[in-house]
Amino acid sequence: MLTDQAIVAALRAARPRDGYTVSDVRAEDGELGLTFAHAGAPSARLRVRLPSTGAPQWWLFAPPEDATDWVGQFFIWTDEEVLTGGLGDSRARVDVDGVSHVVAANYGWQLSDPREHDRFTALAGPFGWHDGGRSTWTDGSVSVPAERELEVDGERFLVSVRGGTTEVTWLTGPNPGYGFSSTLASSGRTTPEERADANARLRSDDERMRDELRSFLDEIDPETGYLRDD
């Protein structure tokens with residue numbers, strides 16, 4: 001069983017990072033806190049919620065086998081953030097009890113540019129780029145796989161969801177690899193919460209997707225197997 005205590009112990013036992021330091025590892029009430037320091041940039045503390053809280057683990061790209069695996073995936077995420085200027089001006093900071101913090105987001109560490117933050121929030125979706133490395137959540141619900149097959153009118157399709165983009169491949173069509181894609185549009189007239197909700201519907205509403213697939217098939221030229229020219 002993956003426990004918060006095991007994760008903290010694995011973090012403290014982990015090898016030093018290349019190019020930056022991690023210190024003051026602590027966990028309390030399901031929240032993990034760490035301090036990051038990198039040459040030429042002010043240090044910052046980061047707080048993330050641990051698996052016991054049921055919160056999405058945005059840094060995971062696969063279900064962790066144990067605490068050491070969880071920590072390994074977590075550090076791949078922090079490596080990318082710190083070594084791409086994560087402690088610099090490109091990331092947002094908040095002051096908590098006089099200590100400067102960077103902020104975890106579904107796409108990485110929160111960007112300081114509000115428009116870019118909104119854009120990446122919508123693209124990454126509520127569970128992050130890799131679905132949080134999980135398919136089953138602590139409340140027993142099951143999230144839709146990032147890739148799944150759907151059948152419509154005897155035709156099979158592969159539906160892949162990555163952030164705000166849905167890609168569809170017509171598996172039984174006459175032209176290998178042919179299909180279509182749609183992207184969750186970012187608009188200044190919608191809130192990040194509304195875009196996240198729309199992204200969740202993309203992942204879970206099979207009936208809506210089947211309607212789109214039927215519309216796609218209706219527009220196919222039977223002689224070519226491609227969409228009819230307008």
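Note that the structure is a prediction, hence the values are computed from the model and not measured.

A.B. asks: I'm lost on the overall build of the protein chain in this one. Help?
C.D. replies: A tally of helices and strands in the protein chain yields 5 helices and 11 strands. Counting across all 230 residues of the protein chain, residues that qualify as buried make up 38%. When contacts within the protein chain are restricted to residue pairs at least 6 apart in sequence, long-range pairs at least 24 apart make up 44% of them. Within the structure as shown, the protein chain displays about 12600 Å² of accessible surface, and the carbon and sulfur contribution to it stands at 49%.

A.B. asks: Please explain the pairing of strand S3 (residues 41–49) as it appears in this structure.
C.D. replies: The side chains of a regular strand alternate between the sheet's two faces. Relative to S3, strand S2 (residues 31–38) runs antiparallel, the two being bridged by 7 bridges. By the bridge assignment for S3, Glu31 is matched with Arg49. Following S2, the chain reverses through 2 residues before pairing antiparallel with S3; Gly40 in that reversal takes a positive phi of roughly 85°.

A.B. asks: What am I meant to see in the nonpolar core here?
C.D. replies: One finds Leu11, Leu32, Phe36, Leu46, Trp70, Phe74 and Trp109 to be the most contacted residues of the largest nonpolar core, which totals 26 residues. Here the element with the most residues in this core is helix H2 (residues 67–82); it accounts for 7 residues. Apart from residues lying up to four places away in sequence, Phe74 is in contact with Leu11, Leu34, Leu46, Val48 and Trp59.

A.B. asks: Mind showing me how you'd approach the side chain of Asn175 here?
C.D. replies: Within the element layout of this structure, Asn175 appears in the loop between strand S10 (165–170) and strand S11 (179–183). Those residues in contact with Asn175 that sit more than four places away from it in its chain are Thr224, Gly225 and Tyr226.

A.B. asks: Even after reading the chapter, I still don't get helix H1 (residues 4–13), so can you show me in this structure?
C.D. replies: When H1 is considered as a whole, its buried residues turn out to be Asp4, Ile7, Val8, Ala10 and Leu11. On an axial view of H1, the arc spanned by its buried residues comes to 165°, and they lie on one face. Of the residues in H1, the exposed ones pointing more than 90 degrees away from the buried face are Gln5, Arg12 and Ala13. Where the residues of H1 are buried, they touch strand S1 (20–28), S2 and H2.

A.B. asks: What is the right way to look at the packing of H1 against H2 in this model?
C.D. replies: The relative placement of two packed helices comes down to the angle between their axes together with the axis-to-axis distance. It is the contact of H1 with H2, at a shortest axis distance of 8 Å, that shows an interaxial angle of 60°. Looking at the two axes, H1 sits oblique to H2. You can see that H1 and H2 cross each other, and the crossing is right-handed. In contact with Ala6, Ile7, Ala10 and Leu11 of H1, H2 contributes Ala67, Thr68, Trp70, Val71, Phe74 and Phe75.

A.B. asks: What's the story with the packing of aromatic side chains in this structure? I'm lost.
C.D. replies: We describe a pair of aromatic rings using the distance from one ring centre to the other and the angle between the two ring planes. Applying the stated rule across the entire model yields 17 aromatic pairs. Measuring from ring centre to ring centre gives 6.2 Å for Phe157 and Trp170, while their planes differ by 15°; the resulting arrangement is stacked. Linking Phe157 in strand S9 (residues 155–162) with Trp170 in strand S10, this pair joins segments that are 13 residues apart in sequence. When its relative accessible area of 7% is taken as the criterion, Trp170 is described as buried.

A.B. asks: Help me understand helix H5 (residues 206–218), please; the structure alone is not making it clear to me.
C.D. replies: The periodicity of an α-helix, 3.6 residues per turn, causes residues three or four positions apart to be oriented the same way. The end-to-end C-alpha distance of H5 is 18 Å, a good match for the 18 Å that 13 residues give at a rise of 1.5 Å each. Those residues of H5 lying buried are Met209, Leu213, Phe216 and Leu217. One face of H5 carries all of its buried residues, which in axial projection span an arc of 95°.

A.B. asks: What's the story with the side chain of Arg45 in this structure? I'm lost.
C.D. replies: Within the secondary structure layout, Arg45 lies in strand S3. A residue is classified by how much of its surface remains accessible, and Arg45, at 8% relative accessible area, is buried. Side-chain polar atoms of Arg45 contact the backbone oxygen of Asp24, separated by 2.9 Å. Within the structure, the side chain of Arg45 is placed 3.2 Å from the backbone oxygen of Gly33, a separation counted as a polar contact. Filtering out sequence-adjacent residues up to four positions away, Arg45 remains in contact with Ser23, Asp24, Arg26, Gly33, Leu34, Thr35, Val99, Ser100, His101 and Val102.

A.B. asks: What am I meant to see in the environment of Leu158 here?
C.D. replies: Looking at the element boundaries, Leu158 is found in strand S9. Expressed as a C-alpha distance, the spacing of Leu158 and Thr172, which sit 14 residues apart in the sequence, is 9.9 Å.

What counts and how
The residue numbering used here restarts from 1 in each chain and proceeds along that chain's sequence as written. A pLDDT threshold of at least 70 governs which residues receive local features in this predicted model, and a stricter bar of 80 or more applies before side-chain atom pairs are shown or counted, although totals over entire chains, interfaces and linings include all residues. Only hydrogens and water are set aside; all other atoms, that is, all heavy atoms of the structure, feed into the side-chain values. The way it works is that DSSP assigns letters per residue, a run of H or I at least four long becomes a helix, a run of E at least two long becomes a strand, and they are numbered from the N terminus. Exposed residues in this analysis have more than 50% of their type's maximum accessible area, buried residues have under 20%, and partly exposed residues fall in between, with area computed by a 1.4 Å probe over protein chains only. Contact criterion: two residues are considered in contact whenever any of their non-hydrogen atoms come within 4.5 Å of each other. Areas reported as accessible are Shrake-Rupley estimates using a 1.4 Å probe. Residue values count occlusion only from the protein chains shown. Two strands are said to pair when DSSP picks up at least two bridges between them. Buried Ala, Val, Leu, Ile, Met, Phe, Trp, Tyr and Cys residues that are joined via side-chain atoms within 4.5 Å together make up what is termed a nonpolar core. Here the arc refers to the set of directions running from the helix axis out to each C-beta atom. Every axis in this analysis is a line fitted to C-alpha atoms, fitted for helices over the stretch in contact. Angles between the N-to-C directions lie between 0 and 180 degrees. The labels follow the angle: roughly parallel below 35 degrees, roughly antiparallel above 145, roughly perpendicular from 65 to 115, and oblique for the rest. Take the far helix as your reference; a near helix turned counterclockwise from it by less than a right angle gives a left-handed crossing, and one turned clockwise gives a right-handed crossing. What counts as a ring pair is set by centres within 6.5 Å for rings of Phe, Tyr and Trp (its six-membered ring), and what kind of pair is set by the plane angle: stacked under 30 degrees, edge-to-face over 60, tilted for all other angles. Expected helix span is computed as 1.5 Å times (number of residues minus one). By the criterion applied in these results, polar contacts are pairs of N or O atoms within 3.5 Å in which, for protein atoms, one can donate a hydrogen and the other can accept it, and in which residues neighboring in sequence qualify only through two side-chain atoms.

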